[in-house]
Amino acid sequence: QQQVKQSPQSLIVQKGGISIINCAYENTAFDYFPWYQQFPGKGPALLIAIRPDVSEKKEGRFTISFNKSAKQFSLHIMDSQPGDSATYFCAASFDSGYALNFGKGTSLLVTP
Amino acid sequence: EAGVAQSPRYKIIEKRQSVAFWCNPISGHATLYWYQQILGQGPKLLIQFQNNGVVDDSQLPKDRFSAERLKGVDSTLKIQPAKLEDSAVYLCASSSQRTGGAFFGQGTRLTVV
């Protein structure tokens, strides 16, 4: 049973554009929502995370928007760069020390 | 600060053989996880340790997979006997209450032929 659903599966964005990846979760007990970036041959790297008591968190070009009532959250990458081309995973857990439930991933390609 | 170390990076074995993976977490991280990542999918938890105790192994196929974390630091994950469907990347991650979030190693890519 997929507890976190992620879309789109793949995304192509032009350099300088905005990349948007969406996730939805089922379990209202989830309390920690991170995003991970994974390059080929590497392990996932923590990008940014949010808790449900805030609706938005921004770190540099990366922003998480969180809608608790809709049980949805999204990652926005502003001014997308070719170096951002990677697979992005959303995840959810009961707290930061608990195991993560991952989405299936979004393959992002930023074209020059 | 050194990251999570895993070895080997790659392993090719025949079905029904056994294989073991090793993980050294970030120093001071009490929580250690093993995830399985099948090509094109997100990582799936196999087992979680808190120090040297098991917190969650509900998704570990215990008839063929085993894991241990002696002394609460390094951990090994073993598969015996391997099946074709075990072909995947095995990721080790660690976390602490201070840092929050889980930090992953580069993984071991297992191919079962």
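It should be noted that the structure appears before, not after, this text.
Here is a short report on the structure shown in this document. Small disclaimer: the values here were computed from a predicted structure and weren't measured. (Residues numbered from 1 in each chain as written. Chains lettered and ligands numbered in written order. Predicted model: local features only at pLDDT ≥ 70, side-chain atom pairs only at ≥ 80, totals over all residues. Heavy atoms only, no water.)

1. Concerning the overall build of chain A
- A count of helical and extended segments in chain A gives 0 helices and 11 strands.
- In chain A, the succession of helices and strands from N to C terminus is β-β-β-β-β-β-β-β-β-β-β.
- Over its C-alpha trace chain A gives a radius of gyration of 13 Å, about what one expects of a compact globule, namely 13 Å for 112 residues.
- Its C-alpha atoms give chain A principal-axis dimensions of about 40 × 30 × 20 Å.
- The 112 residues of chain A split such that 44% are buried.
- Considering only intrachain contacts with a sequence separation of at least 6, the fraction spanning at least 24 residues in chain A is 53%.
- If you sum the accessible surface of chain A, you get close to 5,500 Å²; carbon and sulfur atoms cover 49% of it.
- Of the side-chain charges in chain A, 10 are positive and 8 negative, and the distance between the mean point of each set is 5 Å. (Helix = DSSP H or I, 4+ residues; strand = E, 2+ residues; numbered from the N terminus. Rg over C-alpha atoms; globule rule 2.2 N^0.38 Å. Buried < 20%, exposed > 50% of the residue type's maximum accessible area, 1.4 Å probe, protein only. Contact = heavy atoms within 4.5 Å. Areas by Shrake-Rupley, 256 points an atom, 1.4 Å probe, with all protein chains shown as cover. Lys, Arg positive; Asp, Glu negative; His and termini not counted. Charge placed at Lys NZ, Arg CZ, Asp CG, Glu CD.)

2. Some thoughts on the sheet that holds strand β8 (residues 72–77) of chain A
Residues and elements named next belong to chain A.
- Pairing in this open sheet of 5 strands is antiparallel, and the strands run β1-β3-β8-β7-β6 from one edge to the other. Of all the strands in the sheet, just β1 (4–7) and β6 (56–59) have a single pairing partner and so form its edges. Recorded for the sheet is a direction-independent mean angle of 15° between the axes of neighbouring strands.
- Bridge analysis of β6 against strand β7 (residues 62–67) gives 4 bridges, and the strand direction is antiparallel. Across the sheet, residue K57 finds its bridge partner in β7, namely I64. (Pairing = 2+ DSSP bridges. Axes fitted to C-alpha atoms, helices over the stretch in contact; angles between N-to-C directions.)

3. Considering the nonpolar core
- With 24 residues, the main nonpolar core has A:F33, A:W35, A:F73, A:L75, A:Y88 and A:L108 as its most contacted residues.
- Counting residues per element, this core draws most heavily on strand β9 (residues 86–92) of chain A, at 4 residues.
- Ignoring sequence-local partners within four residues, the contact set of A:L108 consists of A:L11, A:V13, A:S19, A:I77, A:D84, A:S85, A:A86 and A:Y88.
- In terms of nonpolar packing, the next biggest core, distinct from the first, is built from 21 residues, B:W34, B:I47, B:C92 and B:V112 among them. (Core = buried A, V, L, I, M, F, W, Y, C linked by side-chain atoms within 4.5 Å.)

Taken by themselves, the reported measurements are silent on function.
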